[in-house]
Amino acid sequence: FIFDNMSSNSGYKLSIDPMSQLNFSIFTSSGIKSLTTSPIDNDVWQHIAIVYNGARYAILIGGVLDNSLLLSEQIVDSSSNNLTIGSSNGGGEHFKGAFDELRVWGVALSSCRITDQSSCELIGNENDLNAYYNFNNGEVNGNNFPMFDVLRYNHTITSGIPPEGRLNNFGL
């Protein structure tokens, strides 16, 4: 799993299947809907963006549209599960790779803006940026176990709680 907050009746997740395809699953009022990409290259840095514009989910790889899904059903996201990055919500099925950063925007970004910002570190106070985790805390080749705080910015999510998190067992 790349990220997961799926429960038995709500939420979303992004995972990689055995064929190296990304699979984004969303709970809707009519059940789970999935969006799968073409195979991605392993052992190569990838920029992945998932964009929702109110009617369509799209997955862009390297700023280029790979696949999309029109969605007329209501999205069900009432899960009280925390968003887990790098494993399934239950703590198993760990992602075998590295994260540079995770950004959550409150607007659907254009492919041009995604491409322009894909290799730039943000300040963290950009308009419509809901959460930004750049995983830069800790010491290179240092003992970063058991955990370090993820950088916190003055952003809030629907609940009004700042999107804070903890990094567990990571390296820079």
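Relevant structure appears above.
Visitor: Just checking my understanding: could you explain the overall build of the protein chain for this structure?
Guide: Across its full length, the protein chain holds 1 helix and 12 strands. Along the protein chain, from the amino end to the carboxyl end, the secondary structure elements read β-β-β-β-β-β-β-β-β-α-β-β-β. Across the 172 residues in the protein chain, those meeting the buried criterion constitute 35%. Long-range pairs, those at least 24 residues apart, make up 46% of the contacts in the protein chain between residues at least 6 apart in sequence. Only carbon and sulfur atoms are counted for the fraction: they give 49% of the accessible area of the protein chain, which is about 10,400 Å².

Visitor: Help me understand the pairing of strand β6 (residues 56–61), please; the structure alone is not making it clear to me.
Guide: For a regular strand, the rule is simple: side chains alternate between the two faces of the sheet. Of all 6 residues in β6, 5 are buried; the element is thus mostly enclosed. The loop that links strand β5 (residues 48–52) with its antiparallel partner β6 comprises 3 residues; one of these, Gly 54, has a positive phi angle of about 100 degrees. The pairing of β6 with strand β7 (residues 64–70) spans 6 bridges and is classified as antiparallel. Bridging from a neighbouring strand, Tyr 57 pairs with Leu 69 of β7. What sits between the antiparallel neighbours β6 and β7 is a turn of 2 residues, in which Gly 62 has the positive phi angle 65 degrees.

Visitor: Is there a simple way to think about the packing of aromatic side chains in this case?
Guide: Each pair of aromatic rings is reported with the distance of its centres and the angle of its planes. For the structure on display, the rule yields 2 aromatic pairs. Judged by centre distance (5.3 Å) and plane angle (50 degrees), the ring pair of Phe 24 and Tyr 57 falls under tilted. A residue pair is termed long-range when its members are at least 10 positions apart, and Phe 24 in strand β3 (residues 21–28) and Tyr 57 in strand β6 qualify at 33 residues. Taking the relative accessible area as the measure of exposure, Tyr 57 reaches 10% and is therefore buried. Between Tyr 52 and Tyr 57, the ring centres sit 4.3 Å apart and the planes meet at 25 degrees, which makes this aromatic pair stacked. Overall, Tyr 52 belongs to the partly exposed group, its relative accessible area being 30%. One aromatic cluster in this structure is built from Phe 24, Tyr 52 and Tyr 57.

Visitor: Please clarify how the environment of Tyr 52 should be interpreted in this entry.
Guide: Inspection of the secondary structure puts Tyr 52 in strand β5. Spatially, the C-alpha atoms of Tyr 52 and Leu 71 are 9.6 Å apart, while their sequence positions differ by 19 residues. Those residues in contact with Tyr 52 that lie beyond four places of it in its chain are Tyr 57, Ile 75 and Ala 108. Within polar-contact distance, the side chain of Tyr 52 engages the backbone oxygen of Gly 54 at 3.1 Å.

Visitor: How do you make sense of a nonpolar patch on the surface when you look at a structure like this?
Guide: A cluster of nonpolar side chains, namely Leu 83, Ile 85 and Phe 99, defines an oily patch on the protein surface of about 220 Å² accessible area. Its location among the elements puts Ile 85 in strand β8 (residues 84–85). Look at Ile 85 and you get partly exposed, because its relative accessible area is 31%.

Visitor: Quick question: what am I supposed to make of the side chain of Ser 25 here?
Guide: Locating Ser 25 in the fold gives a position in strand β3. A polar side-chain atom of Ser 25 sits 2.9 Å from a polar atom in the side chain of Asn 23. At 3.0 Å, the side chain of Ser 25 and the side chain of Ser 34 are in polar contact. Not counting the four nearest positions on each side in its chain, Ser 25 is found in contact with Met 6, Gly 11, Tyr 12, Lys 13, Ile 32, Lys 33 and Ser 34.

Visitor: Would you mind going over the side chain of Thr 37 with me for this structure?
Guide: Within the secondary structure layout, Thr 37 lies in strand β4 (residues 31–39). Taking the relative accessible area as the measure of exposure, Thr 37 reaches 3% and is therefore buried. Polar contacts involving the side chain of Thr 37 include one to the main-chain amide nitrogen of Leu 22, which spans 3.0 Å.

The rules behind each value
- Residues numbered from 1 in each chain as written.
- Predicted model: local features only at pLDDT ≥ 70, side-chain atom pairs only at ≥ 80, totals over all residues.
- Heavy atoms only, no water.
- Helix = DSSP H or I, 4+ residues; strand = E, 2+ residues; numbered from the N terminus.
- Buried < 20%, exposed > 50% of the residue type's maximum accessible area, 1.4 Å probe, protein only.
- Contact = heavy atoms within 4.5 Å.
- Areas by Shrake-Rupley, 256 points an atom, 1.4 Å probe, with all protein chains shown as cover.
- Pairing = 2+ DSSP bridges.
- Phe/Tyr/Trp six-rings, centres within 6.5 Å; stacked < 30°, edge-to-face > 60°.
- Polar contact = N/O pair within 3.5 Å; in protein donor to acceptor, adjacent residues only side chain to side chain.
- Patch = residues over 30% accessible without salt bridge, like charges linked within 9 Å, V, L, I, M, F, W, Y side chains within 5 Å.
- Salt bridge = Lys/Arg side-chain N within 4 Å of Asp/Glu carboxyl O.

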